[in-house]
Amino acid sequence: MTDVFRTVSGLPRALAAITGVLLAPLGAGAALADLRPPAVTDFTAPAAMEAPQLSPDGRSLLFVREPQPGDPENTPAHVVIVDLSEPDAPRSSSLPLPDITVRWAAWGNNERVLLGLEMMAGIRGPGLRAVRSDGTRTRITELRRSQIMSVRRDGADPVMLFDFSSRRFNHLFNTRLDHVSDFLLDDPAHVLLPARTATGALDLYRVNIETGRARVDVRGSDATIAFFTNAAGEATMRWDLAGYGRDMRILVRAPGTRRWRTAQRVPVNEFQRLQRDYEWAARAAAHDEALVFWRDPGTGTTGLYRYAFSTRDLAGEAFSSPDYDVGAVMVDPVTLTALGVTWSDTHRRVIMFDHEIDAHMPALAEFFGEDTLALPVQRVGERVLIKATGPTEPGAYYLYDMNAARIWPIGHRQPLLAERALARVEPHHYTARDGTELFGYVTWPARPAGDPPPLVVLPHGGPEVRDHHDFDRFAQLIAAQGYLVFQPQYRGSYGFGRAFAEAGYGEWGGLIQTDITDGVRDLLGRGLADPDRVCAAGWSFGGYSALMQAILEPDMYRCVIAGAAPTDLPDMLDWMADDGGEALEYMERAMGDPRTDMDRLIAFSPARRAGEIRAPVLLLHGRRDGIVPIEQSETMDAALTAAGAEHSFIPHNGGHGIATDRQWAHVATRMVFFLFDHLQTPHGVIVRERERETDPSRTQTVTVILEPFDP
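Notes on the structure follow. What you see is a predicted model, and the numbers here were worked out from it, not measured in a lab.

**Structural notes on the overall build of the chain**
Reasoning step 1: Across its full length, the chain carries 13 helices and 40 strands.
Reasoning step 2: Per-residue burial for the chain yields a buried fraction of 55% across its 711 residues.
Reasoning step 3: Taking all contacts inside the chain whose residues are at least 6 apart in sequence as the whole, residues at least 24 apart take part in 56%.

Written out as C-alpha cells, the structure is:
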C-alpha cells in the first residue's frame, strides 16, 4: 500500500482501507446525490466488524466477521486477524468458525486468541426433571453451556480452558465458564476465570491458555457470587450472599495481603437501592473503590464519582456537569479501566481521563468533523483504537498513533450502509405550550417522498432515557423510505437533570404527550412535513406514546406502530407487584400510584380507550418479553378488535429488545410495509422485487424487501 496521506490541522489522514472490510474515506467517493438510500437488507445485515481489539503489544487487531449479503452460500463467521506491524502495508488472515456459536473473541496474549463459545452439552445419567408451563412433566438431558477455547493466531493448537473430562469442573454448577475476571497483562500465559466446585463454592482460577490447566488463585465460598481485581491482576474485592440469601456482604483486601474483611453488609433489598443510588460503572484504582454514577442533589444531574465501600461514601469526583447527565463510560476491554465519559447537550461530547489521549482530541475532532464523534475505545502504548460514530456513521474503526500523529482506517461495522445515502440529522428547537424550551432530532430523508415529505413521529422509550445526535437505525430505516422523522426530547427524558426527568412523573398520558404534540405541530406549522401524511411509531414507552398520540390527537395521525408497548397501566402495575422491589417503587412514582391515582392510570391506558383510535394500528411484541409482558399487546389487540378498529398484531420470538439480526429483519420489514401502505408513498423509495414468506406463528403472509426502487 502506498503512503497516501494528507494533513488536516496537523493530523495526517489515510485514504485507503487496511483490511478486506472496505472503509470509504471521509470526504471522498461518490457525492451523496449519487448514492441510493439503504434497503432494509442493508440495515438488517449482521455486523462485519464487531468489537475489534488490539493485541497486548498493539501490533495486531482481531474482530469477528459475520457472513454478509453477497458472500458465497454457507460462508461461516470468521475471526479476522490483521497484522499492523506496518500499518501502511497490513496483512490480514482469518480463522473460519464453521458450526460454532462464538459469543466473543479476545486476545489471550500476542500469539493466542480466546473464543467464548456457546454449546449444548449432554447431562450424565438420567437427566433432570422439569415441569413445562402447561403443567406437564418432562426430562432435560442437555443444557446450554459456555466455555472458552484458546487457539493460536494461525488456527493451530486449540485447547479448551478447564478440563471437562474431569468431574472437578464438569457439573451443573458450571454452565457459564466464559467470564474472564482479568486478562493478566503481566502474566501472558494465564487468565483469571471464576468457576464453581462440585460443592458449589466459587473460586478464582489462574488458567493456562496454552494447556487449559487451572489452579486455584483465590478461594471463595458457596456464598460468593463475584470477584473483582485491581490493575495488577490481584483479587481485591468479592461479593458474598449472607443470612440465607437475605444480605449482601462486600469483602475487600489490600493488595499483597490474603485476609478478607467485610467492608459493607446490607440487606439485599437495600443493596439494590445502593446499586440504584450508586450505579457501578467501572473499577477504580483503589482496592475498595468503584467508579459509580451518582446524582448530585445540588445540581440534580448525574455524574461519575469514586465510591469507597469501606467508608460507605463517595471518595471524589471523576466528572460531572451542572446541566447535563453523564451518558456512558468508555471502559478499556482489556485493562477494564475507565478511559473517559460521554455526555450530550444537543450533540454528543467526550471527556477523556487519559491526559495524553485528551491532548489529541481537538485535532481528532477537527479531522472527523462536528457530526462525527471520535471515541477512543482502547489504548496500547502509543496506539489508540478509535471508534467514529455519528448520525450518518453507524461505526467505523481507526488506528491512531499518538507519537506519529497518524491515523489509519480499519473498517466499517456495517459496510453496506457505508455505501448508501444515510439521512442527515439536526436538532430542532421548539417551544411547548407552557413556554418551556424543548428540542428534538429531525432526520431528513436523502430522497424525500414528496414535497413536503410524510412525517413519522418516533418518541423514545423509557421514558427516562433520551435520544442522541448519533446513528439511530430505526430513524434511518424510516428516513430511507423517504419520510421525515421527528424524535422529541420531552419532559421526563434522562440527560437533562433530575427536575427535567421528574417533570414527567405521573404525566405519561399528560405533559409528556403534549410536549410531543407541540413539537409535531411546530414542524407542520413550518411546512416541513405533509400534515395529511403523519404516523406515530415507537418501542416500549415510545410505542405507548404512539398509541396515546392517536387517542389525544385523532385528526393528526394516519397510522400507529406500537412495539412492546404497555397499554393497560393498572394491569402493568399488578404484574410488576408480583416481584415488588425497586422497580415497582420507581414505576409507581413515574407512572402513578394505583392507591391514589387509579382514575388517572385508567385515563392514561390506551387499551381502556381503544374505541377512540381511528388510525390503523400495528402491534409488535416479543413472546419472551420480561420487561413489558406480551399480555399488554394481547390486551390491546382484544380491545381494538372489540372496537372494530383496523389493526394487526404480530408477535415475534424475541424479548423486550431486538436481540438478533433475524428479529430485527422481522420487525423492520413489517414496519416498512405498514408505513408504506398507510402513508401511500407516491414516488419514494419502494421495492422493485418482493419475496413472499409465511410467518409460521400466524397465517399471515408478509413481504421482505430485496432492494430499493431506482427512480
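**Describing the state of the cysteines**
Reasoning step 1: Applying the stated criterion across every chain, the model contains one disulfide.
Reasoning step 2: For Cys-535, the disulfide goes to Cys-559, at an S-S distance of 1.8 Å. Here the S-S torsion is close to 115°, and the disulfide linking Cys-535 with Cys-559 is therefore right-handed. Separated by 24 residues along the polypeptide, Cys-535 in strand S35 (residues 534-539) and Cys-559 in strand S36 (residues 559-563) bring together distant segments of the chain.
Reasoning step 3: Residue class for Cys-559 comes out buried when judged on its relative accessible area of 0%.

**Side note on the pairing of strand S7 (residues 101-107)**
Reasoning step 1: Across six bridges, S7 lies against strand S8 (residues 112-122) in antiparallel orientation. From the neighbouring strand, Ala-105 faces S8, where its bridge partner is Leu-115.
Reasoning step 2: Count of turn residues in the S7/S8 antiparallel hairpin: four residues.

**With respect to the sheet that holds strand S25 (residues 338-344)**
Reasoning step 1: Strands sit in the order S24-S25-S26 across an open sheet of three strands; the sheet is antiparallel. Looking along the sheet, the strands with just one partner apiece sit at the ends: strand S24 (326-331) and strand S26 (348-352). In this sheet, adjacent strand axes meet at a mean angle of 25° when their direction is disregarded.
Reasoning step 2: Relative to S25, S24 runs antiparallel, the two sharing five bridges. What sits directly across from Val-329, in S25, is Val-341.

**What to know about helix H7 (residues 511-525)**
Reasoning step 1: The terminal C-alpha atoms of H7 lie 21 Å apart, and with 15 residues this matches the ideal 21 Å at 1.5 Å per residue to within 8%.
Reasoning step 2: When you tally the buried positions in H7, you get eleven out of 15 residues, the bulk of the element.
Reasoning step 3: Buried residues of H7: Ile-512, Gln-513, Asp-515, Ile-516, Thr-517, Asp-518, Gly-519, Val-520, Asp-522, Leu-523 and Leu-524, and no others.
Reasoning step 4: The inward-facing, buried residues of H7 contact strand S31 (424-431), strand S32 (437-444), strand S33 (455-457), strand S34 (484-488), S35 and helix H8 (541-552).
Reasoning step 5: Gly-527 occupies a position one or two residues after H7 and carries a positive phi of about 75°.

**Comments concerning the nonpolar core**
Reasoning step 1: In this structure, Leu-455, Trp-508 and Val-520 are the most contacted members of the largest nonpolar core, which totals 58 residues.
Reasoning step 2: Counting residues per element, this core draws most heavily on H8, which supplies seven residues.
Reasoning step 3: Here Leu-455 is in contact with Leu-484, Val-485, Phe-486, Val-520, Leu-523, Leu-524, Ala-529, Arg-533, Val-534 and Cys-535, once residues within four sequence places are set aside.
Reasoning step 4: Formed by 35 residues, the second largest nonpolar core is a distinct cluster that contains Ala-449, Leu-458, Ile-561 and Leu-618.

**Digging into the pairing of strand S14 (residues 202-208)**
Reasoning step 1: For S14, the buried fraction is high: seven of the seven residues fall into the buried class.
Reasoning step 2: Along S14, one buried face is formed by Leu-202, Leu-204, Arg-206 and Asn-208 and the opposite face, lined by Asp-203, Tyr-205 and Val-207, is buried too.
Reasoning step 3: Pairing geometry for strand S13 (residues 190-196) and S14, over seven bridges, is antiparallel. Directly across from Arg-196, in S14, lies its bridge partner Leu-202.
Reasoning step 4: Where S13 hands over to S14, the hairpin turn is made up of five residues, of which Gly-200 adopts a positive phi near 100°.
Reasoning step 5: Where S14 and strand S15 (residues 214-218) come together, four bridges link them in antiparallel fashion.

**Re the sheet that holds strand S30 (residues 406-412)**
Reasoning step 1: Strand order in the open sheet made by the four strands is S27-S28-S29-S30, with antiparallel pairing throughout. Edge positions in the sheet fall to strand S27 (373-380) and S30, since each has one partner strand and no second. Across the sheet, the axes of successive neighbouring strands diverge by a mean angle of 25°, strand direction being ignored.
Reasoning step 2: Pairing analysis gives seven bridges linking S27 to strand S28 (residues 383-390), with the strands arranged antiparallel. Note on S28: the bridge partner recorded for Arg-379 is Val-384.

**Notes on the environment of Ala-449**
Reasoning step 1: Tracing the backbone through its elements, the reader meets Ala-449 in the loop between S32 and S33.
Reasoning step 2: Assessed through its relative accessible area of 0%, Ala-449 is described here as buried.
Reasoning step 3: Counting along the chain gives 35 residues from Ala-449 to Leu-484, while the straight-line C-alpha distance between them is 8.9 Å.

**What about the pattern of salt bridges?**
When charged atoms on two side chains of opposite charge get close, those side chains can pair.
Reasoning step 1: Scanning all chains against the criterion turns up 40 salt bridges.
Reasoning step 2: Across the pair Arg-206 and Asp-217 runs a salt bridge whose closest N-O atoms are separated by 2.9 Å. Taken together, the positions of Arg-206 in strand S14 and Asp-217 in strand S15 put the pair eleven residues apart, joining distant regions of the chain.
Reasoning step 3: The class for Asp-217 is partly exposed, based on a relative accessible area of 28%.
Reasoning step 4: With a closest N to O distance of 3.0 Å, Arg-265 and Asp-247 form a salt bridge. A residue pair is termed long-range when its members are at least 10 positions apart, and Arg-265 in strand S19 (residues 261-267) and Asp-247 in strand S18 (residues 247-252) qualify at 18 residues.

**Here we look at the environment of Arg-112**
Reasoning step 1: Tracing the backbone through its elements, the reader meets Arg-112 in strand S8.
Reasoning step 2: Between the C-alpha atoms of Arg-112 and Ile-209, which are 97 residues apart in sequence, the distance is 7.8 Å.
Reasoning step 3: Reaching out from Arg-112, the side chain makes a polar contact with the backbone oxygen of Asp-157 at a distance of 2.6 Å.

**Considering the packing of aromatic side chains**
Reasoning step 1: Scanning the entire structure with this criterion turns up 22 aromatic pairs.
Reasoning step 2: Arranged with centres 6.0 Å apart and planes meeting at 65°, the rings of Tyr-430 and Phe-486 form a pair that is edge-to-face. Placement of the pair is Tyr-430 in strand S31 and Phe-486 in strand S34, with a sequence separation of 56 residues.
Reasoning step 3: Residue classification places Tyr-430 among the buried residues on the basis of a relative accessible area of 2%.
Reasoning step 4: With centroids separated by 6.1 Å and ring planes inclined at 85°, the aromatic side chains of Tyr-505 and Tyr-586 adopt a geometry described as edge-to-face. A residue pair is termed long-range when its members are at least 10 positions apart, and Tyr-505 in the loop between helix H6 (498-502) and H7 and Tyr-586 in helix H10 (residues 581-590) qualify at 81 residues.
Reasoning step 5: Of note, Arg-238 hangs over the ring of Trp-260, and the distance from its end group to the ring centre comes to 5.3 Å.
Reasoning step 6: Above the face of the Trp-664 ring, Arg-473 is positioned so that its terminal group lies 4.0 Å from the ring centre.

Calculation notes
Residues numbered from 1 in each chain as written. Predicted model: local features only at pLDDT ≥ 70, side-chain atom pairs only at ≥ 80, totals over all residues. Heavy atoms only, no water. Helix = DSSP H or I, 4+ residues; strand = E, 2+ residues; numbered from the N terminus. Buried < 20%, exposed > 50% of the residue type's maximum accessible area, 1.4 Å probe, protein only. Contact = heavy atoms within 4.5 Å. Disulfide = S-S within 2.5 Å. Pairing = 2+ DSSP bridges. Axes fitted to C-alpha atoms, helices over the stretch in contact; angles between N-to-C directions. Expected span 1.5 Å × (residues − 1). Core = buried A, V, L, I, M, F, W, Y, C linked by side-chain atoms within 4.5 Å. Salt bridge = Lys/Arg side-chain N within 4 Å of Asp/Glu carboxyl O. Polar contact = N/O pair within 3.5 Å; in protein donor to acceptor, adjacent residues only side chain to side chain. Phe/Tyr/Trp six-rings, centres within 6.5 Å; stacked < 30°, edge-to-face > 60°. Lys NZ or Arg CZ within 6 Å of the ring centre and 35° of its normal.

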